[in-house]
Amino acid sequence: MSSSPAGPVIRVLIVDDDALVRAGLSMILGGAPDLLVVGEGGDGSEVPGLVAGHRPDVVLMDIRMPRVDGLTATERLRATCAPPEVVVLTTFHADAQVLRALRAGAAGFLLKDTPPADLVTAIRKVGAGEPILSPAVTRQLIAHVSDGGAGTRGERARALLAVLSDRERDVALAVGRGRSNAEIAAELYMSVATVKAHVSRVLTKLELNNRVQIALTVHDAGHLI
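These figures come from a predicted structure and were not determined experimentally.

**Remarks on the side chain of Asp 220**
(1) Moving on: In this structure, Asp 220 sits in helix 11 (residues 211-220).
(2) Moving on: Within polar-contact distance, the side chain of Asp 220 engages the side chain of Arg 103 at 2.7 Å.
(3) Moving on: Not counting residues up to four positions away in its chain, the partners in contact with Asp 220 are Arg 103, Arg 153, Gly 154, Ala 157 and Arg 158.

**Observations regarding unusual backbone geometry**
(1) Moving on: One non-glycine residue, Ala 82, adopts positive backbone phi at about 50 degrees.
(2) Moving on: Take Ala 82: it is sitting in the loop between helix 3 (70-78) and strand 4 (85-90).
(3) Moving on: Classification of Ala 82 as exposed rests on a relative accessible area of 69%.
(4) Moving on: At Tyr 189, a position not held by glycine, the phi torsion is positive, near 55 degrees.
(5) Moving on: Along the chain, the position of Tyr 189 falls in the loop between helix 9 (181-188) and helix 10 (192-206).

**Re the pairing of strand 1 (residues 10-15)**
(1) Moving on: Extensive coverage of strand 1 is indicated by the burial of 5 of its 6 residues.
(2) Moving on: The handedness of the strand 1 to strand 2 (residues 35-41) crossover, carried by helix 1 (residues 19-30), is right-handed.
(3) Moving on: Pairing between strand 1 and strand 3 (residues 58-62): 4 bridges, direction parallel. Bridging from a neighbouring strand, Ile 14 pairs with Leu 60 of strand 3.

**Things to note about the pattern of salt bridges**
(1) Moving on: Evaluation of the coordinates by the stated rule reveals 13 salt bridges.
(2) Moving on: The residue Arg 103 makes a salt bridge to Asp 220 at a minimum N-O spacing of 2.7 Å. Residue Arg 103 is found in helix 4 (residues 96-104), and its partner Asp 220 is found in helix 11; the two are separated by 117 residues along the sequence.
(3) Moving on: In this structure Asp 220 comes out as buried when scored by relative accessible area, which is 16%.
(4) Moving on: Residues participating in the shared-partner salt-bridge network are Asp 16, Asp 62 and Lys 112.

Rules and cut-offs
- Residues numbered from 1 in each chain as written.
- Predicted model: local features only at pLDDT ≥ 70, side-chain atom pairs only at ≥ 80, totals over all residues.
- Heavy atoms only, no water.
- Helix = DSSP H or I, 4+ residues; strand = E, 2+ residues; numbered from the N terminus.
- Polar contact = N/O pair within 3.5 Å; in protein donor to acceptor, adjacent residues only side chain to side chain.
- Contact = heavy atoms within 4.5 Å.
- Buried < 20%, exposed > 50% of the residue type's maximum accessible area, 1.4 Å probe, protein only.
- Right-handed = clockwise from strand over helix to strand, strands pointing away.
- Pairing = 2+ DSSP bridges.
- Salt bridge = Lys/Arg side-chain N within 4 Å of Asp/Glu carboxyl O.

Right, here's the structure in full:
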């Protein structure tokens, strides 16, 4: 495995009902000096205790498990105080449960056959507070997943965006288009620090967890991302 960028060690919890999958992920992540697998679980019901005991920064969460699935575990975890980031593991590109997990606050999703180097890079990004879901993947998900609540969600999203100031709304729309902080700063003629401050205020005002949820809100409101 390639050497890691300078920075703190990212603590990772793996939750999957397949012991072979857990072993493979643990081996892959264990080869990166800046990633530390602090625990493993076989079902979503184990997540609260494992998180309390190991204090991970990132949870790799299988979406399908026998007793408590990854969606339910993600929703419960993200509703707690100062939760770790969650990355959903799935075998499908377009999956209704994946979309629900993202709406619940997951930072993104990875296919179980993701190449090892890409898996490590994704965990590093999430550990640094960056989402790993591109606007193109978001469009693909929403296009392939039937969503019966789209109308009501659209009304709510438009109402949410209406509470933002003009500048905050500009930043939210740019986030929805997948722009980085540096790109938003250049487009809107402001400093990166100001962009970060606007993103933070958007998250607070809209009671969202991360940039993925901002992008989903922008899409729900009828803006293309």
